[in-house]
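Okay, here's what each chain looks like letter by letter:
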Amino acid sequence: MSGIWGWFGGGAAQKRKDTPKNVILDLRTNLEMLQKREAHILRQIEEQDKEARKHVNTNKTAAKNALRRKKVFEGNLEQTMNHIGTLETQINAIESANINKETFEAMQRASEAMKTIHGKLTPEKVDEAMEKLQEHNQLNEEIAAAIGSVNIGQQIDDGELDAELDELMAKDLEDKMLETGTVHADRLPSVATGELKNNKGKAPAVTEDDEEAELRKLQAEMAM
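All of these numbers come straight from a predicted model, not from anything done at the bench.

Visitor: Would you take a moment to explain the side chain of His55 for this structure?
Guide: Within the fold, His55 resides in helix α2 (residues 20–55). Setting aside residues up to four positions removed in sequence, His55 forms contacts with Lys60, Ala62 and Ala63.

Right, dumping it as structure tokens:
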């Protein structure tokens, strides 16, 4: 009774030792004791059964007494097994309740942790922060584009570049023609149309051999 009254104020002044884990330990201790008693009663029942079989044909009185004791032990065995079943049920119920309690407390701690993590954070504040971040990113892109559009240094005319490129191409073509021994027609020296004069102001005499040589030279050039 003292244990019962302890729950209703009698043990309020002292610390409770019957926490769920301690209660489970006490129940398991009692359960082990009952299981040992069960094993002992089973051995007694087996001994009385052997005793009855031993005297069944020689001493009926002894055989009956053994059977009578066997019945008593069987009654004790049934009572002990009932106690074992009751303790096992209580242990399972307390363990289940304790697990539920610890699970609930863990969930409460998780809820408090989430509350601490979020603090004053709300979906509206998150949306506002994301909009500001997007604005900053857009502003950064606009600044980068503006900086990239500024040409720093001397401005170069595309027409000058094209003229210089044409000059380089012509020079390259001329170098290649000189390497192969081919001279373009517009780069041949001009032929004088007037009469050539010697140092005394008179035109030199042109022989037939000179004319033939000049003709062959022209033919050779036209064949290129």
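Visitor: Please explain a nonpolar patch on the surface as it appears in this structure.
Guide: Taken together, the side chains of Leu121, Val126, Met130 and Leu133 present a nonpolar region at the surface, about 360 Å² in accessible area. Within the secondary structure, Leu133 is located in helix α4 (residues 123–148). A relative accessible area of 44% means that Leu133 is categorised as partly exposed.

Visitor: Can you help me understand the packing of α2 against helix α3 (residues 60–118) in this one?
Guide: The description of two packed helices rests on the angle between their axes and on the distance between the axes. The interhelical angle for the contact between α2 and α3, taken along N-to-C directions, is 160°, at an axis separation of 8 Å. With respect to α3, the axis of α2 lies roughly antiparallel. Like other packed secondary-structure pairs, α2 and α3 cross with a definite hand, here left-handed. Tallied by class, the residues present in the contact of α2 with α3 amount to 21 nonpolar, ten polar and 13 charged.

Conventions and cut-offs
- Residues numbered from 1 in each chain as written.
- Predicted model: local features only at pLDDT ≥ 70, side-chain atom pairs only at ≥ 80, totals over all residues.
- Heavy atoms only, no water.
- Helix = DSSP H or I, 4+ residues; strand = E, 2+ residues; numbered from the N terminus.
- Contact = heavy atoms within 4.5 Å.
- Patch = residues over 30% accessible without salt bridge, like charges linked within 9 Å, V, L, I, M, F, W, Y side chains within 5 Å.
- Areas by Shrake-Rupley, 256 points an atom, 1.4 Å probe, with all protein chains shown as cover.
- Salt bridge = Lys/Arg side-chain N within 4 Å of Asp/Glu carboxyl O.
- Buried < 20%, exposed > 50% of the residue type's maximum accessible area, 1.4 Å probe, protein only.
- Axes fitted to C-alpha atoms, helices over the stretch in contact; angles between N-to-C directions.
- Parallel < 35°, antiparallel > 145°, perpendicular 65-115°, else oblique.
- Left-handed = near helix turned anticlockwise from the far one by under 90°.
- Nonpolar A, V, L, I, M, F, W, Y, C, P; charged D, E, K, R; others polar.

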